[in-house]
Amino acid sequence: MSDHIPMRVAVVGATGFQGGAVARLLVERNHRVRTLTRKSESERPELGGAAFVLGDLANADDVRHLFERATHASVVMPLVYDTETVRTYARNIADAARGAGVRRVVYNSNTRVPEASTNVAAFETRRLAETVLREGLRGSGVELVVLRPPVYLDNLFSPWNGPALARDGVLAYPLPADTRTAWISHRDLAEAVYAALTADGVAGRTLDIGGSQSLTGDELATAFAQGLGRDVHYVPLPPHVFEEGLAQAIGPRAAAGVAGIYHYMASGAGPELMAGDDGSAAEALCVKPAPVDEWVARQPWQIWADDATAVS
């Protein structure tokens, strides 16, 4: 589809970081965006140009309202890891997309998903959502593309990591130091979602999208050092420590769901799960995620420093 033909996109999850990045990119390119929210007007994020529909993913009528007149949809699930809740969300989305006759749904699973089943809710609820969407859209003429990203660079430009990086050159994250990870930014993920909405030849595919490099912890620290212009060293954070800190921000249930991914990675069960796919997904989508050092150099790290001279 040409950028000159506006899409009307139902963006599920636009009030979160990943869905918000997708919504902003679509608006920048003059496409029409609607999103569902339970938040009051004063609590909503700044998404200039996007329209908000008040409602809940658990309510089928609300989701149908969101999809009215939509031509496409971008979906990322909220940080909910209850099986039946996620099943309901996915079923309502599939029914609404089918009823509206949208051309294509792009589902961002928010994480890689192991090939074999696990006891990790963060993986299995996302696998379930994909299955429900695929089954719900089968035979409808609505195309489905699934993106499975690894870990986000933006997690490191945050109040939890930014100050230690900017002031002390410490990069602490709950992945083992030897885990090769294809870190990707929210913006580059949004570019991949945009491409998946519009590209030929990807309908029906599941793509392990990732960044341009698969880096160990020490290699990630080296890339950050290049981008920051200072020494950086990697510290593997114990997953339980990460979970305890995250619980203070998003609550214990959601934190336990997110942390399940890192407990799994720490177990050594899937050492290559977060690594790149040799660029095949990026090639299929015709996108070029930025190298880590370039992304780092573009971020305003000075906001985390004690003063403006602490980071070059």
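Scroll up to find the structure.
Every chain's residues receive numbers from 1 upward, in the order its sequence appears when written. Two thresholds apply to this predicted model, a pLDDT of at least 70 for residue-level local features and 80 or more for giving and counting side-chain atom pairs, whereas whole-chain, interface and lining totals are computed over all residues. Working from all heavy atoms in the structure, the side-chain values ignore hydrogens and water.

Draft legend 1. Structural view of the overall build of the protein. On a plain count of helices and strands, the protein comes out with 11 helices and nine strands. Relative to the 2.2 N^0.38 estimate, which gives 20 Å for 312 residues, the radius of gyration of the protein is 19 Å and therefore close to what a compact globule would have. The dimensions of the protein, computed from C-alpha atoms along their principal axes, are 55 × 40 × 40 Å. Taken over 312 residues, the protein has a buried fraction of 52%. Numbered from the N terminus, helices here are DSSP runs of H or I no shorter than four residues, and strands are runs of E no shorter than two. Throughout, the radius of gyration refers to the C-alpha atoms, and the reference size of a globule is 2.2 Å times the residue count to the power 0.38. Note on classification: 1.4 Å probe, protein chains only; a residue is buried when its accessible area is under 20% of the maximum for its type, exposed when over 50%, partly exposed between these limits.

Draft legend 2. Seen up close, the pattern of salt bridges. Only one rule defines a salt bridge in this text: a Lys or Arg side-chain nitrogen within 4 Å of an Asp or Glu carboxyl oxygen. Applying the stated rule across the entire model yields 12 salt bridges. For E28, the salt bridge is made with R187, and the minimal N-O distance between the two is 3.1 Å. Of this pair, E28 sits in helix α1 (residues 17-28) while R187 sits in helix α6 (residues 186-198), placing them 159 residues apart in sequence. Residue classification places E28 among the partly exposed positions, given a relative accessible area of 48%. We classify R187 as partly exposed; its relative accessible area is 37%.

Draft legend 3. A look at the sheet that holds strand β8 (residues 206-207). Strand pairing requires that DSSP identify at least two bridges connecting the strands. Spatial strand order, β3-β2-β1-β4-β5-β6-β8: seven strands in an open sheet with parallel pairing. Two strands close off the open sheet at either side, each with one partner strand: β3 (50-54) and β8. Pairing of strand β5 (residues 104-108) with strand β6 (residues 143-147) involves five bridges; the strand directions are parallel. If you follow V106 over to β6, its bridge partner there is V145. Here a residue-residue contact requires only that any non-hydrogen atoms of the pair lie within 4.5 Å. A fitted line through C-alpha atoms serves as each axis, taken over the contacting stretch for helices, and the angle formed by two N-to-C directions is quoted from 0 to 180°. Sheet strands touched by helix α2 (residues 60-67): β1 (8-12), β2 (32-37), β3 and β4 (72-76). Its angle to β2, the strand with the most contacts, is close to 165 degrees.

Draft legend 4. Representation of the packing of aromatic side chains within the structure. Side-chain rings of Phe, Tyr and Trp (the six-membered ring for Trp) are treated as a pair once their centres are within 6.5 Å; stacked means planes under 30 degrees apart, edge-to-face means over 60, and tilted covers the remaining angles. Applying the stated criterion to the full structure yields 10 aromatic pairs. Residues F157 and W301 carry aromatic rings whose centres are separated by 4.9 Å and whose planes lie at 85 degrees to one another, so their mutual orientation is edge-to-face. Placement of F157 in the loop between β6 and α5 (162-168) and of W301 in the segment after α11 (292-298) is noted, with a sequence separation of 144 residues between them. With respect to burial, F157 and W301 carry one shared label: buried.

Draft legend 5. View of helix α3 (residues 83-100). Here the expected length of a helix is defined as 1.5 Å per residue gap, with one fewer gap than residues. Counted at 1.5 Å a residue, the expected span for α3 with its 18 residues is 26 Å, and the 26 Å between its end C-alpha atoms agrees. Among all positions of α3, only V86, Y89, A90, N92, I93, A94, A96 and A97 are buried. Once α3 ends, the next one or two residues include G101, with phi positive near 70 degrees.

Draft legend 6. Structural context of unusual backbone geometry. Phi angles above zero are rare outside glycine, and N30 is one such case at about 70 degrees. Mapped onto the elements, N30 comes out in the loop between α1 and β2. Positioned with a positive phi, N110 is a non-glycine residue whose angle comes to about 75 degrees. Relative to the assigned elements, N110 resides in the loop between β5 and α4 (121-137).

Draft legend 7. Structural context of the environment of V145. One can find V145 in strand β6. In sequence terms V145 and R205 are 60 residues apart; their C-alpha atoms lie 5.4 Å from each other. Contact partners of V145, with chain neighbours within four places excluded, come to R104, V105, V106, Y107, A196, V202, A203, G204 and R205.

Draft legend 8. Examining the pairing of β6 more closely. In terms of burial, β6 is a largely internal element, four of the five residues being buried. If you view a crossover with the strands going away from you and the path from the first strand over the helix to the second runs clockwise, you call it right-handed. The parallel pair β5 and β6 is bridged by α4, and the resulting crossover is right-handed. Here β6 pairs with β8 via two bridges, running parallel. What sits directly across from V146, in β8, is T206.

Draft legend 9. Seen up close, the nonpolar core. For our purposes a nonpolar core is just a set of buried Ala, Val, Leu, Ile, Met, Phe, Trp, Tyr and Cys residues, chained together by side-chain atoms within 4.5 Å. Core analysis: the largest hydrophobic core is formed by 40 residues, its most contacted members being L171, Y173, L220, F224 and W301. Broken down by secondary-structure element, the contributors of at least two residues to this core are α4, α5, β7 (170-173), α7 (217-228), α8 (239-250), α9 (252-266) and α11. Beyond its immediate chain neighbours, meaning those up to four positions away, L220 contacts L156, L171, W183, L215, Y234 and V292.

Draft legend 10. Structural detail: the pairing of β1. Of all five residues that make up β1, four are buried, and the element is covered over most of its length. As paired elements, β1 and β2 share four bridges and run parallel to each other. Each residue of the ladder has a partner; that of V9, found in β2, is V33. Traced from β1 through α1 to β2, the parallel crossover comes out right-handed. As paired strands, β1 and β4 are joined by four bridges and run parallel to one another.

Note that every value here comes from positions in space, so none of it alone points to a role or purpose.
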